[in-house]
Amino acid sequence: MALMITDECINCDVCEPECPNQAISMAHEHYVIDPARCTECVGHFEQPQCVQLCPVNCIPVDPAHIEDRETLWRKYRRLQAASVTPARG
Ligand code: SF4
Ligand code: SF4
């Protein structure tokens, strides 16, 4: 499942640099999560890092993006492949 940030976010800036997938960014009023990049930290950590760190507990599962673990793994692998520069020669 991708996670989402609610409008209870206090813009404390803690979660954004800790996301291993660069899924978190500042939007108009508060931080948001790109569901195309959030793997719920599958592939990187046992627990979602943003949830662990958020001081106001405002990062629930996004009901619009329910995904099983296998789907999250595939997303992780896709993101990894896209971030690797093809070898030359
Ligand atoms: Fe990033 Fe992990 Fe939070 Fe998803 S759960 S936004 S991948 S830190
Ligand atoms: Fe907002 Fe929580 Fe992220 Fe802080 S850690 S910016 S309160 S979502």
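Up top is the structure these notes are about.
Sequence positions are assigned chain by chain, starting from 1 and proceeding in written order. By the order in which they are written, chains take letters starting at A while ligands take numbers starting at 1. Whole-chain, interface and lining totals are the exception, using all residues; otherwise, since this is a predicted model, local features are given only for residues with pLDDT of at least 70 and side-chain atom pairs are given and counted only at 80 or more. The side-chain figures draw on all heavy atoms in the structure; neither hydrogens nor water molecules are used.

Asks: Would you mind going over the site of ligand 1 with me for this structure?
Replies: Near, as used in this document, describes a residue that has one of its heavy atoms within 4 Å of the molecule or strand being considered. Around ligand 1, the neighbouring residues are Leu3, Cys19, Pro20, Asn21, Ile24, Ile33, Cys38, Thr39, Glu40, Cys41, Pro48 and Cys50. Here the residues of the shell around ligand 1 sort into 9 nonpolar, 2 polar and 1 charged. Ten residue types, Ala, Val, Leu, Ile, Met, Phe, Trp, Tyr, Cys and Pro, are classed as nonpolar, four, Asp, Glu, Lys and Arg, as charged, and the remainder, Gly among them, as polar.

Asks: Even after reading the chapter, I still don't get the site of ligand 2, so can you show me in this structure?
Replies: In the region of ligand 2, 13 residues are neighbours, and Cys9, Ile10, Cys12, Cys15 and Cys54 sit closest. Residues that form the shell around ligand 2 fall into these classes: 11 nonpolar, 1 polar and 1 charged.

Asks: Explain unusual backbone geometry to me, please; I cannot follow it from the model alone.
Replies: Outside of glycine, negative phi angles account for most residues, and trans bonds account for most peptide bonds. With a phi angle near 60°, Glu40 is a residue other than glycine that sits in the positive phi range. You can see Glu40 is positioned in the loop between β2 (31-33) and α1 (49-53). Despite not being glycine, Cys41 has its phi angle at roughly 70°, a positive value. With respect to the secondary-structure elements, Cys41 resides in the loop between β2 and α1. The rule is simple: take the accessible area with a 1.4 Å probe, protein chains only, and divide by the maximum for that residue type; under 20% is buried, over 50% is exposed, in between is partly exposed. A relative accessible area of 7% means that Cys41 is categorised as buried. Helical segments are the DSSP runs of H or I of at least four residues, strand segments are the runs of E of at least two, and each set is numbered from the N terminus.

Asks: Could you clarify how one ought to interpret the pattern of salt bridges in this entry?
Replies: When the charged atoms of two side chains lie near each other, side chains of opposite charge can form a pair. Throughout this description, the term salt bridge denotes a Lys or Arg side-chain nitrogen within 4 Å of a carboxyl oxygen of Asp or Glu. Taken as a whole and judged by the stated rule, the model has 2 salt bridges. The shortest N-O distance in the salt bridge between Glu67 and Lys75 comes to 3.1 Å. Residue class for Glu67 comes out buried when judged on its relative accessible area of 18%. Across the salt bridge formed by Arg74 and Glu70, the nearest N and O atoms sit 3.8 Å from each other. One end of the pair is Arg74 and the other is Glu70, both in helix α2 (residues 69-83) and 4 residues apart, which spans about a single turn.

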